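For reference, the chains in residue letters:
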Amino acid sequence: MNDGCYIVLEGPDGSGKSTITEKVAKYIEAKYPALKVIPTYHPGSTALGRHLRNLVKNPAEIDPEIKIDNLSRQMLHFVDTICFHKTILEKELSSGSVVLSDRCTYISAIIYGLATGLSVKDVTNLFAIYPPRKADLVLVFDVNWEIAKGRMTERNGVDFYDDQKDEFFRTIGGFYRNISSTTLEQAVLINQVVSLNNLHIIDSNHDIQTVFSDIIPHIERSLRELAISNTVGSTAQ
């Protein structure tokens with residue numbers, strides 16, 4: 001069987017991507033029962049990732065003396081990503097599954113890495129550690145930073161990023177909003193993760209059902225391409 005379908009939902013915290021990921025998984029399972037759907041989130045979809053997630057998000061809860069610099073934080077995310085690729089993504093795609101990813105470490109490294117002071121060279125070096133598997137579709141959720149921050153206050157707990165100043169959230173929002181029209185160096189990195197014609201900006205300032213309705217045409221297009229690809233592959237065999 002040909003590769004499955006790898007779909008990434010990316011955006012700042014509070015953009016609604018986690019809720020939408022769950023809705024998309026249920027939608028595909030109901031409409032296409034023959035497809036195996038694997039919802040994942042990052043960091044944390046592997047046993048190792050769950051421990052790393054707690055470490056990078058809440059280091060003081062583990063040990064008050066732990067201090068994680070920005071480059072080390074991104075490297076820890078990449079450790080989780082390598083484990084995810086080797087134990088989940090590669091296996092599931094090779095068997096024809098649809099893998100949904102709530103966040104992509106490679107895109108987050110660009111957005112959050114640059115926003116916290118890393119250079120493009122730093123991020124490029126991270127990509128070189130373990131090159132990304134190109135996604136079939138990336139949906140970037142664009143949300144007003146004030147709306148996102150308001151949504152974040154409704155959930156339990158505050159992690160490293162939640163506790164940043166307003167200017168940080170403005171910067172993150174701007175990076176996501178302009179992700180497809182950045183500098184040449186950043187565009188080269190993005191193109192390693194997804195072809196730019198398969199990257200779409202979604203206005204997620206609306207209610208969840210409206211946002212969900214807006215992304216379904218993109219999801220359906222990717223699933224149709226998967227079906228065509230598998231049909232052609234079966235015929236060729």
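Residues numbered from 1 in each chain as written. Predicted model: local features only at pLDDT ≥ 70, side-chain atom pairs only at ≥ 80, totals over all residues. Heavy atoms only, no water.

Trainee: Please set out the nonpolar core residue by residue, giving values where relevant.
Mentor: Of all hydrophobic cores here, the largest spans 37 residues; its most connected members are Tyr6, Ile107, Phe127 and Val138. With residues up to four places along the chain from it excluded, the contact list for Val138 reads Val8, Ile107, Val194, Asn198, Leu199 and His200. Of all hydrophobic cores here, the second largest spans 21 residues; its members include Leu9, Ala25, Ile219 and Leu226. (Core = buried A, V, L, I, M, F, W, Y, C linked by side-chain atoms within 4.5 Å. Buried < 20%, exposed > 50% of the residue type's maximum accessible area, 1.4 Å probe, protein only. Contact = heavy atoms within 4.5 Å.)

Trainee: Describe unusual backbone geometry, naming the residues involved and giving the relevant values.
Mentor: Pro43 follows His42 through a cis peptide bond whose omega is -5°. Within the secondary structure, Pro43 is located in the loop between strand E2 (37–41) and helix H2 (47–57). In this structure, Arg103 is a non-glycine residue whose phi angle is positive, near 90°. Residue Arg103 is classed as buried on the basis of its relative accessible area, which comes to 10%. (Helix = DSSP H or I, 4+ residues; strand = E, 2+ residues; numbered from the N terminus.)

Trainee: So what's going on with the pairing of strand E3 (residues 98–102)? Residues and values would help.
Mentor: The buried fraction of E3 amounts to five of the five residues, a majority that puts the element mostly inside the structure. Taking every second residue as pointing to the same face, both faces of E3 are buried, with Val98, Leu100 and Asp102 on one and Val99 and Ser101 on the other. Two elements, strand E1 (residues 5–10) and E3, share five bridges in a ladder whose sense is parallel. The residue of E3 that forms the bridge with Tyr6 is Val99. (Pairing = 2+ DSSP bridges.)

Trainee: I'd like a rundown of helix H4 (residues 70–94), residues and numbers included.
Mentor: For H4, with 25 residues, the first-to-last C-alpha span of 34 Å sits near the 36 Å given by 1.5 Å per residue. The axis of H4 is deflected most strongly, by about 50°, at His85. Those residues of H4 that sit buried are Arg73, Gln74, His77, Phe78, Asp80, Thr81, Phe84, His85, Ile88, Leu89, Glu92 and Leu93. Elements that come into contact with the buried residues of H4 comprise E1, E2, H2, E3, helix H5 (105–115) and helix H6 (120–129). The N-cap of H4, judged by a side-chain oxygen 3.1 Å from the amide nitrogen of Leu71 a few residues on, is Asp69. Of the residues flanking the end of H4, it is Gly96, one or two places downstream, whose phi is positive at about 90°. (Expected span 1.5 Å × (residues − 1). Bend = angle between axes of the 7 residues up to and from the residue. Polar contact = N/O pair within 3.5 Å; in protein donor to acceptor, adjacent residues only side chain to side chain.)

Trainee: Can you break down the packing of H6 against helix H9 (residues 184–193) residue by residue, with the values?
Mentor: Viewed as axis vectors pointing N to C, H6 and H9 meet at an angle of 20°, and their least axial separation amounts to 10 Å. Comparing the axis directions of H6 and H9 gives the class roughly parallel. At the point where H6 passes H9, the crossing takes the left-handed sense. Two secondary-structure elements touch here, H6 through Val120, Val123, Thr124 and Phe127 and H9 through Glu185, Gln186, Leu189, Gln192 and Val193. Looking at side-chain class alone, the contact of H6 with H9 contains five nonpolar, three polar and one charged residues. (Axes fitted to C-alpha atoms, helices over the stretch in contact; angles between N-to-C directions. Parallel < 35°, antiparallel > 145°, perpendicular 65-115°, else oblique. Left-handed = near helix turned anticlockwise from the far one by under 90°. Nonpolar A, V, L, I, M, F, W, Y, C, P; charged D, E, K, R; others polar.)

Trainee: Please provide a residue-by-residue account of H2, values included.
Mentor: Turning to H2, its buried residues number three or more, namely Gly49, Leu52, Val56 and Lys57. For H2, the angular spread of the buried residues around the axis is 115°, confining them to a single face. Where H2 is buried, its residues touch helix H3 (59–62) and H4. (Arc of directions from axis to C-beta.)

Trainee: Report on the state of the cysteines, specifying residues and quantitative values.
Mentor: If you walk through the whole model with that rule in mind, you get zero disulfides. Its sulfur unpaired, Cys83 is 16 Å from the next cysteine sulfur, which belongs to Cys104. Cys5 supplies the cysteine sulfur nearest to Cys104, a cysteine that is in no disulfide, at a spacing of 14 Å. Judged by relative accessible area, which is 3%, Cys104 ranks as buried. (Disulfide = S-S within 2.5 Å.)

Trainee: Account for the pattern of salt bridges, with residues named and values stated.
Mentor: If you walk through the whole model with that rule in mind, you get nine salt bridges. The residue Asp13 makes a salt bridge to Lys17 at a minimum N-O spacing of 3.8 Å. A relative accessible area of 12% places Asp13 in the buried class. Salt-bridge contacts for Arg103 lead to Asp13; the nearest nitrogen and oxygen are separated by 2.7 Å. Residue Arg103 is found in the loop between E3 and H5, and its partner Asp13 is found in the loop between E1 and helix H1 (17–31); the two are separated by 90 residues along the sequence. (Salt bridge = Lys/Arg side-chain N within 4 Å of Asp/Glu carboxyl O.)

Trainee: An account of the side chain of Ser101 is requested, with residue identities and associated values reported.
Mentor: Along the chain, the position of Ser101 falls in strand E3. On the basis of relative accessibility, which here comes to 1%, the residue Ser101 falls in the buried class. Not counting residues up to four positions away in its chain, the partners in contact with Ser101 are Tyr6, Ile7, Val8, Leu9, Thr40 and His42.

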